[in-house]
Amino acid sequence: MQATTDTIRLESIAMDTDRTRKMRVLIVEDDAGIAAGLAATLKGAGYAMDVTPTLALASAALRVESFDMVLLDLNLPDGDGLDWLRQLRQTGAAMPVLI
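Everything numeric in this text was worked out from a predicted model, so none of it was measured.

Caption draft 1: Here's a closer look at the side chain of glutamate 29. Within the fold, glutamate 29 resides in the loop between strand 1 (24–28) and helix 2 (32–44). At 2.9 Å, the side chain of glutamate 29 and the backbone nitrogen of aspartate 31 are in polar contact. Here glutamate 29 is in contact with Ile34, Ala35, Thr52, Pro53, Asp73 and Leu76, once residues within four sequence places are set aside.

Here it is in structure tokens:
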């Protein structure tokens, strides 16, 4: 299979330039099966990740840890993911968020 520009770009994003720190992803997902699948896939690709099942725990994680990206579910037990994302952006956080 021939590597595409997208493949090369994704591989380069996954590797930090100093090679000592993995890209850190916050997974905000309340379905345990989906969260486990995402975590296993990301771990296999060399990412570090934290999983939170609620928006409150995601907010707490962001206060104590720096994340390079967020994978965000929209329908969570304690609120709407889009509302949370709007609030996050108002704080100046600019990391990519995949919904």
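Right, picking up where we left off after that structure.
Caption draft 2: Region of interest: helix 4 (residues 81–90). Taken residue by residue, helix 4 has Gly81, Trp84, Leu85 and Leu88 as its buried positions. The buried residues of helix 4 occupy one face: seen down the axis, they fall within an arc of 100°. Taking the backbone nitrogen of leucine 82 as reference, a side-chain oxygen 3.0 Å away marks aspartate 80 as the first, capping residue of helix 4. Looking at the residues trailing helix 4, positive phi occurs at glycine 92, about 95°.

Caption draft 3: View of the confidence of the model for the protein chain. Averaged over the protein chain, the pLDDT score is 86; the fraction of residues at 70 or greater is 80%. Here residues 1–18 is a poorly scored stretch, pLDDT under 50, and it has six contacts once near neighbours within four places are set aside; other chains count.

Caption draft 4: Local environment of the environment of aspartate 50. One can find aspartate 50 in strand 2 (residues 48–52). Assessed through its relative accessible area of 28%, aspartate 50 is described here as partly exposed. Measuring from C-alpha to C-alpha, the distance between aspartate 50 and alanine 35 comes to 9.9 Å, with 15 residues separating the pair along the chain. The contact partners of aspartate 50, leaving out residues within four places of it in the chain, are Arg24, Val25, Leu26, Ile27, Glu65 and Phe67. Of note is the side chain of aspartate 50, whose polar atom sits 3.0 Å from the side chain of arginine 24.

Caption draft 5: The arrangement of the packing of helix 3 (residues 55–64) against helix 4 in detail. Relative to each other, helix 3 and helix 4 sit at 25°, their axes nearing to 11 Å. Taken together, the axis directions place helix 3 and helix 4 in an arrangement best described as roughly parallel. Crossing geometry of helix 3 relative to helix 4 is assigned as right-handed. Contacts from Leu55, Ala58, Ser59 and Leu62 in helix 3 reach Gly81, Trp84 and Leu88 in helix 4. Its residues assigned to classes, the contact of helix 3 with helix 4 shows five nonpolar, two polar and no charged.

Rules behind the numbers
Residues numbered from 1 in each chain as written. Predicted model: local features only at pLDDT ≥ 70, side-chain atom pairs only at ≥ 80, totals over all residues. Heavy atoms only, no water. Helix = DSSP H or I, 4+ residues; strand = E, 2+ residues; numbered from the N terminus. Polar contact = N/O pair within 3.5 Å; in protein donor to acceptor, adjacent residues only side chain to side chain. Contact = heavy atoms within 4.5 Å. Buried < 20%, exposed > 50% of the residue type's maximum accessible area, 1.4 Å probe, protein only. Arc of directions from axis to C-beta. pLDDT = per-residue confidence, 0-100. Axes fitted to C-alpha atoms, helices over the stretch in contact; angles between N-to-C directions. Parallel < 35°, antiparallel > 145°, perpendicular 65-115°, else oblique. Left-handed = near helix turned anticlockwise from the far one by under 90°. Nonpolar A, V, L, I, M, F, W, Y, C, P; charged D, E, K, R; others polar.

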